[in-house]
Amino acid sequence: WALIVSVDGAALAVAVINELSNHLEYWRQNHAASNALNACAHVIADIDQVHRHVELSKEFLEMQEGASISGDGVGHLEVGINMNRGQIAEALVILVTNLTESGVPLPEALLRLLRNFADEDNPAVSAVIIRRLPYLQSLDSGVGWDLFDRCMKGRSSGLWGTAEPCLYY
């Protein structure tokens with residue numbers, strides 16, 4: 001197996017964000033769009049693209065979505081990672097973590113949107129956020145513990161298994 005073309009992840013993320021922005025109505029609250037935004041969050045390097053990502057992600061905050069999976073052994077985390085809103089919440093945590101790791105100041109719009117997702121009453125979305133918090137807490141304890149508090153406030157039933165690494169490390 002030989003690589004035919006090398007792909008620049010950041011350039012591909014720009015192209016994906018352009019597509020999502022240029023055809024908003026088609027991609028609005030779409031499962032493929034939430035997966036694409038989640039994938040882009042891993043490679044976005046430009047602060048302007050972060051702002052565009054946040055604008056596209058806002059659409060998912062108001063989305064009404066139920067659990068797409070259920071059954072024995074299915075917990076909040078499994079439900080959350082299969083939800084569009086869970087994918088977006090995870091993408092926002094990834095963006096915050098990557099920017100913090102790079103020493104880039106966090107845009108207030110990004111923090112505000114992530115806090116809005118963390119403040120929700122949906123434990124599945126909270127579980128997705130909490131899963132990514134231990135490393136963020138090591139980089140920026142203020143932001144990490146604030147998000148932890150918001151996710152756990154009043155609805156921690158079933159989340160402690162996911163939250164334990166936040167306390168352990």
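What you are looking at is a predicted structure, and each value in this text was computed from that prediction instead of being measured. (Residues numbered from 1 in each chain as written. Predicted model: local features only at pLDDT ≥ 70, side-chain atom pairs only at ≥ 80, totals over all residues. Heavy atoms only, no water.)

### Details of the packing of aromatic side chains
Let me state the cut-off plainly: By convention, a stacked pair of Phe, Tyr or Trp rings (six-membered ring in the case of Trp) has centres within 6.5 Å and planes under 30 degrees apart, an edge-to-face pair has planes over 60 apart, and any other such pair is tilted. Helix numbers and strand numbers start at the N terminus; a helix is a DSSP run of H or I with at least 4 residues, a strand a run of E with at least 2. Accessible area is worked out with a 1.4 Å probe on protein chains only. A residue is then buried under 20% of its type maximum, exposed over 50%, and partly exposed in between.
Enumeration according to the criterion identifies 3 aromatic pairs in this entry. Ring plane angle 75 degrees and centroid distance 5.2 Å describe the contact between Trp-145 and Phe-148, whose orientation is recorded as edge-to-face. With Trp-145 and Phe-148 both in helix H10 (residues 141-152) and 3 residues apart, the pair spans about one turn of that helix. On the accessibility criterion, Trp-145 (37% relative accessible area) is partly exposed. Residue Phe-148 is classed as buried on the basis of its relative accessible area, which comes to 9%. Three or more aromatic residues joined by ring pairs form one cluster here, namely Trp-145, Phe-148 and Trp-160.

### Digging into the side chain of His-53
Short version of the rule: Contacts are assigned to residue pairs that have any heavy atoms within 4.5 Å of one another.
Examined against the element boundaries, His-53 turns out to sit in helix H4 (residues 47-61). For His-53, a relative accessible area of 0% translates into the label buried. If we skip the residues at most four places from it in the chain, His-53 touches Ile-17, Leu-37, Cys-40, Ala-41, Ile-44, Ala-91, Leu-92 and Leu-95.

### Overview of unusual backbone geometry
One non-glycine residue with positive phi stands out, namely Gln-29, at about 50 degrees. Tracing the sequence through the fold places Gln-29 in the loop between helix H2 (24-27) and helix H3 (31-41).

### Considering the pattern of salt bridges
To be explicit about the condition: Salt bridges are identified by distance alone: a Lys or Arg side-chain nitrogen within 4 Å of an Asp or Glu carboxyl oxygen.
All told, the structure shown has 11 salt bridges when counted by the stated rule. The closest approach of N and O atoms between Glu-90 and Arg-131, which form a salt bridge, is 2.2 Å. With Glu-90 in helix H6 (residues 84-102) and Arg-131 in helix H8 (residues 123-131), this pair connects stretches of sequence that are 41 residues apart. Residue classification places Glu-90 among the buried residues on the basis of a relative accessible area of 5%. Counted as one network, the salt bridges with shared partners bring together Glu-108, Arg-115, Asp-119, Asp-146 and Arg-150.

### Examining the nonpolar core
Rules: Here, the term nonpolar core denotes a set of buried Ala, Val, Leu, Ile, Met, Phe, Trp, Tyr and Cys residues that are joined through side-chain atoms within 4.5 Å.
Ranked by internal contacts, the top residues of the largest apolar core, which has 45 residues, are Leu-92, Leu-110, Phe-117, Ile-129, Ile-130 and Leu-133. Take this core: its biggest share by element is 9 residues, from H6. Excluding anything up to four places from it in sequence, Phe-117 contacts Ser-57, Phe-60, Leu-61, Arg-85, Ile-88, Ala-89, Leu-92, Val-125 and Ile-129.

Read these as spatial facts, not as claims about activity.
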